[in-house]
Amino acid sequence: MSSREVVRLEDIWAHYDSLPVLEGINLSIYQDDFLGIIGPNGGGKTTLLKVILGLVKPVRGRVSVFGDTPEKGRKHIGYVSQHSLFDRNFPANVWDVVIMGRLGKTGPFRNYSKQDREATLRALEAMEILDHKDQQIGKLSGGQQQRAFIARALVTEPELLLLDEPTASVDTPLQTDFYELLGKLKERMAIVLISHDISTISIYVDKIACLNRELYYHSSKELAAEELEAAYQCPVEMIAHGVPHRVLKEH
Amino acid sequence: MLEALQYEFMRNALIAGLLAAVTCGIIGCYVIVKRMVFISGGVSHASFGGIGLGYFLGITPIVGALFFTIAAALGMGLVTRRAKITEDTAIGILWAMGMAVGIIFIGLTPGYPPDLMSYLFGDILIVPPSDIIMMLILAIIIILVVVLLYKEFLALSFDEEFATVVGIPVERLYFLLLILIAFTVVVLIRVVGIILVIALLTIPAATARRFTHDLKKMMLLSILFGGFFTSAGLWLSFELDLASGATIILVSGVTFLASLFLSRLRLMTGVGRG
């Protein structure tokens, strides 16, 4: 493969409250990947992203992010977490939140620079929420908040975008919009998207992996029915309802 | 009020109240938006250990309180972030331990400390000039640090995880914020006392928050509210001969409840909020 490898996980084991959530994960992410990771709730999807970001230390295995440790390499990553827990009354407007993505570039003891403000303006424009920049973040709709958080990840000028359940708080009609937006972004960066909603994301992503403590992935959009069954621990007819046929390998 | 100001102790009291307003106005906003009310209560009560230590060592109790409060704040920060016990459990334990240390030290000190009550419940009318100088220095440090690290503290308060990912030393900033809270507690002890500190750390900021969604404006408003609460409370306590600390808190609390009531009223009458 000629494409550059941006993340490499080798034999990663991670625990959450001393329970194993990731077991022997091997995964390579390349610079032009648009990868969807599906799997049941509690299957370790968020933990996997946090291992890549250096927020969770694996008990075993090696993580390489842009050829470096996660702590050093993560400056190239834009991260959009499941933000459902933030305080709706928090005193910050959309602009304040989005420009936070520039913190690592500006450094302490000074104000945001002209470049920081321009990058913020561009990201707000790209996410089509420039009109809302002076609104309090908690007063936006779920979909607009989502766009603000993606804008915040984009102003870091990332080469890899990690999205954790990005459509959880977005109404279904707006989800199509959202995926079209990601379709544009994938020209500029690698994207990893995790979701428990197989049927929607399988339409848009280029590659699919399935995670339930163990990872099933073939660097393609195909998964064997047995693998899905193993991951979800139920017959594939129940989970693959509505999954386009090209996702499931013929067997 | 004006004729009262011809007394030096009233002028000192007013200055102390305004310094308290500035510090609690700024730091109280972080306490409210980062939901650190309980840990701040723990820090302020634990400072009693420092008051006791001060008496025991024969130094000014407030100086003992300064060092002890910083240590208590950092200790609570360490335990809540590193130990595998629930945050509020850890705070509850250290809260009581700090006070217990104070009681033991006071017991070990010969005689009964004459102004112990003023540390517990505050007595803005007997603040000595040396304490005012210390309060002024602490207030200046707080303002400087917050001006220099405003955007970092905002990110820390809003989303620690994201702040970590973009490369902010989140844990060190959190400990710095705890130290600033300790400073604020020490400034406020003289005005309202250990037991009532938490009210001045929360009420002005909580009141200000009802009027703005911009953190800077919230801080300024909160300082104004704090200044109003301390001066009005001071004046009332002077006129009616009431305990100053408790009067300041009651003025604050009543104003906060009134602001709640007014916005409820505005909602009911259908007048939109700006």
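What you see is a predicted model; the values in this text were computed from it and never measured.

## What about the sheet that holds strand 3 (residues 34-38) of chain A?
Residues and elements named next belong to chain A.
Stage number 1. Sheet architecture is open: 6 strands sit in the order 5-6-7-3-8-9, paired in mixed fashion. A strand with exactly one partner marks an edge of an open sheet, and here the two such strands are strand 5 (77-80) and strand 9 (214-217). Here the average twist between neighbouring strands, direction ignored, is 15°.
Stage number 2. As paired strands, strand 3 and strand 7 (residues 190-195) are joined by 5 bridges and run parallel to one another. When the sheet's bridge partners are listed, Gly36 is paired in strand 7 with Leu193.
Stage number 3. Sheet strands in contact with helix 6 (residues 142-154) are strand 5 and strand 6 (160-164), and its direction is about 160° off that of strand 5.
Stage number 4. Sheet contacts for helix 9 (residues 225-232): strand 3, strand 8 (207-212) and strand 9; angle to strand 8, the most-contacted strand, approximately 35°.

## Details of the pattern of salt bridges
Residues and elements named next belong to chain B.
Stage number 1. Applying the stated criterion across every chain yields a total of 25 salt bridges over all chains.
Stage number 2. Close ionic contact of Glu160 with Lys34 constitutes a salt bridge, the shortest N to O distance being 2.8 Å. Placement of the pair is Glu160 in helix 8 (residues 160-165) and Lys34 in the loop between helix 1 (8-33) and helix 2 (37-57), with a sequence separation of 126 residues.
Stage number 3. One connected set of salt bridges, linked through shared partners, spans Lys34, Arg81, Arg82, Glu160 and Glu171.

## Quick look at the interface of chain B and chain A
Stage number 1. Across the contact, 22 residues belong to chain B and 33 residues belong to chain A.
Stage number 2. Approximately 2400 Å² of surface area, both sides summed, lies buried where chain B meets chain A, with 67% of it carried by carbon and sulfur atoms.
Stage number 3. A per-residue breakdown of the area chain B buries against chain A is headed by B:Lys151, B:Phe158 and B:His213, which together make up 31% of the total.
Stage number 4. For A:Arg152, the salt bridge is made with B:Asp159, and the minimal N-O distance between the two is 2.9 Å.
Stage number 5. Where chain B packs against chain A, one counts 11 residue pairs in polar contact (both at pLDDT 80 or more).
Stage number 6. Of all the elements in the fold, those that place two or more residues in the side of chain B that touches chain A are helix 7 (150-158), helix 8 and helix 11 (215-240) of chain B.
Stage number 7. The biggest single contributor to the side of chain B that touches chain A is helix 7 of chain B, with 6 residues.
Stage number 8. Partitioning the side of chain B that touches chain A into residue classes produces 12 nonpolar, 3 polar and 7 charged.

## A look at the nonpolar core
Buried together is how nonpolar side chains tend to be arranged in soluble globular proteins.
Stage number 1. Of all hydrophobic cores here, the largest spans 140 residues; its most connected members are A:Ile38, A:Ile137, A:Leu182, A:Leu185, B:Ile27, B:Tyr30 and B:Phe153.
Stage number 2. Those residues in contact with B:Tyr30, other than ones at most four positions away along the chain, are B:Arg35, B:Val146, B:Tyr150, B:Phe153, B:Ser157, B:Leu177, B:Leu215 and B:Met219.

## Details of helix 1 of chain B
All names here are of chain B.
Stage number 1. A rise of 1.5 Å per residue sets the reference length of helix 1, with its 26 residues, at 38 Å; its end C-alpha atoms lie 37 Å apart and thus fit the reference within 8%.
Stage number 2. If you look at helix 1, its biggest bend is around 30°, right at Ile27.
Stage number 3. Burial analysis of helix 1 places 19 of its 26 residues in the buried class, which makes it a mostly covered element.

## Re helix 9 (residues 170-192) of chain B
Stage number 1. End to end, helix 9 of chain B covers 32 Å across 23 residues, agreeing with the expected 33 Å (1.5 Å per residue, within 8%).
Stage number 2. Phi for B:Gly193, located one or two positions after helix 9 of chain B, is positive at around 90°.

## A short note on the confidence of the model for chain B
Residues and elements named next belong to chain B.
Stage number 1. Taken residue by residue, chain B gives an average pLDDT of 92. The fraction at 70 or more is 98%.
Stage number 2. Of all helices and strands in chain B, the one with the weakest mean pLDDT is helix 5 (residues 116-121) (89), whereas helix 7 scores best (96).
Stage number 3. Interface predicted TM-score (ipTM) for the complex: 0.86; the corresponding pTM is 0.90.

## A closer look at unusual backbone geometry
Glycine aside, residues mostly have negative phi angles, and peptide bonds mostly take the trans form.
Stage number 1. Despite not being glycine, A:Phe66 shows a phi value in the positive range, around 50°.
Stage number 2. The residue A:Phe66 is located in the loop between strand 4 (60-65) and helix 2 (70-73) in this model.
Stage number 3. We classify A:Phe66 as buried; its relative accessible area is 15%.
Stage number 4. Non-glycine residue B:Arg35 carries a positive phi angle of around 55°.
Stage number 5. Assignment of secondary structure puts B:Arg35 in the loop between helix 1 and helix 2.
Stage number 6. For B:Arg35, a relative accessible area of 63% translates into the label exposed.

## Things to note about the layout of surface pockets
Stage number 1. By volume, the largest pocket amounts to about 1200 Å³.
Stage number 2. Along the wall of the largest pocket there are 36 residues; nearest its centre are B:Lys34, B:Phe158, B:Asp159, B:Glu160 and B:Glu161.
Stage number 3. A:His15, A:Tyr16, A:Lys50, A:Leu55 and A:Val56 are the residues nearest the centre of the second largest pocket, which is lined by 28 residues in total.
Stage number 4. Broken down by secondary-structure element, the contributors of at least two residues to the lining of the second largest pocket are strand 1 (5-16) and helix 1 (45-53) of chain A together with helix 8 of chain B.
Stage number 5. Examining the composition of the lining of the second largest pocket, we find that 4 residues originate from one element, helix 1 of chain A, more than from any other.
Stage number 6. Looking at the lining of the second largest pocket residue by residue, the class counts come to 6 nonpolar, 12 polar and 10 charged.

## Thoughts on the packing of aromatic side chains
Stage number 1. Under the definition given, this model contains 13 aromatic pairs over all chains.
Stage number 2. Measuring from centroid to centroid gives 5.0 Å for A:Phe90 and B:Phe158, while their planes differ by 70°, and the two rings are edge-to-face. With A:Phe90 in the loop between strand 5 and helix 3 (94-99) and B:Phe158 in helix 7, this pair bridges two chains. Grouping residues by exposure puts A:Phe90 and B:Phe158 together as buried.
Stage number 3. Taking the centre distance of 5.4 Å and the plane angle of 25° together, the rings of B:Tyr7 and B:Phe9 count as stacked.
Stage number 4. A cation over an aromatic ring shows up here: A:Arg152 above the ring of B:Phe162, its NZ or CZ 3.7 Å from the ring centre.

## Let's talk about the side chain of A:Lys45
All names here are of chain A.
Stage number 1. By secondary structure assignment, the location of Lys45 is in helix 1.
Stage number 2. Glu165 provides the closest opposite charge to the buried, salt-bridge-free Lys45, at an N-O distance of 4.2 Å.
Stage number 3. Side-chain polar atoms of Lys45 contact the backbone oxygen of Gly39, separated by 2.9 Å.

How each quantity is defined
Residues numbered from 1 in each chain as written. Chains lettered and ligands numbered in written order. Predicted model: local features only at pLDDT ≥ 70, side-chain atom pairs only at ≥ 80, totals over all residues. Heavy atoms only, no water. Pairing = 2+ DSSP bridges. Helix = DSSP H or I, 4+ residues; strand = E, 2+ residues; numbered from the N terminus. Axes fitted to C-alpha atoms, helices over the stretch in contact; angles between N-to-C directions. Contact = heavy atoms within 4.5 Å. Salt bridge = Lys/Arg side-chain N within 4 Å of Asp/Glu carboxyl O. Buried area = accessible area lost by both parts, 1.4 Å probe. Polar contact = N/O pair within 3.5 Å; in protein donor to acceptor, adjacent residues only side chain to side chain. Nonpolar A, V, L, I, M, F, W, Y, C, P; charged D, E, K, R; others polar. Core = buried A, V, L, I, M, F, W, Y, C linked by side-chain atoms within 4.5 Å. Buried < 20%, exposed > 50% of the residue type's maximum accessible area, 1.4 Å probe, protein only. Expected span 1.5 Å × (residues − 1). Bend = angle between axes of the 7 residues up to and from the residue. pLDDT = per-residue confidence, 0-100. 1 Å grid on protein atoms, 1.4 Å probe; cavity = no way out; pocket = protein on both sides within 12 Å on 5 of 7 lines; lining within 4 Å. Points joined across faces, edges and corners; volume = space filled by probe spheres on them. Phe/Tyr/Trp six-rings, centres within 6.5 Å; stacked < 30°, edge-to-face > 60°. Lys NZ or Arg CZ within 6 Å of the ring centre and 35° of its normal. Lys, Arg positive; Asp, Glu negative; His and termini not counted.

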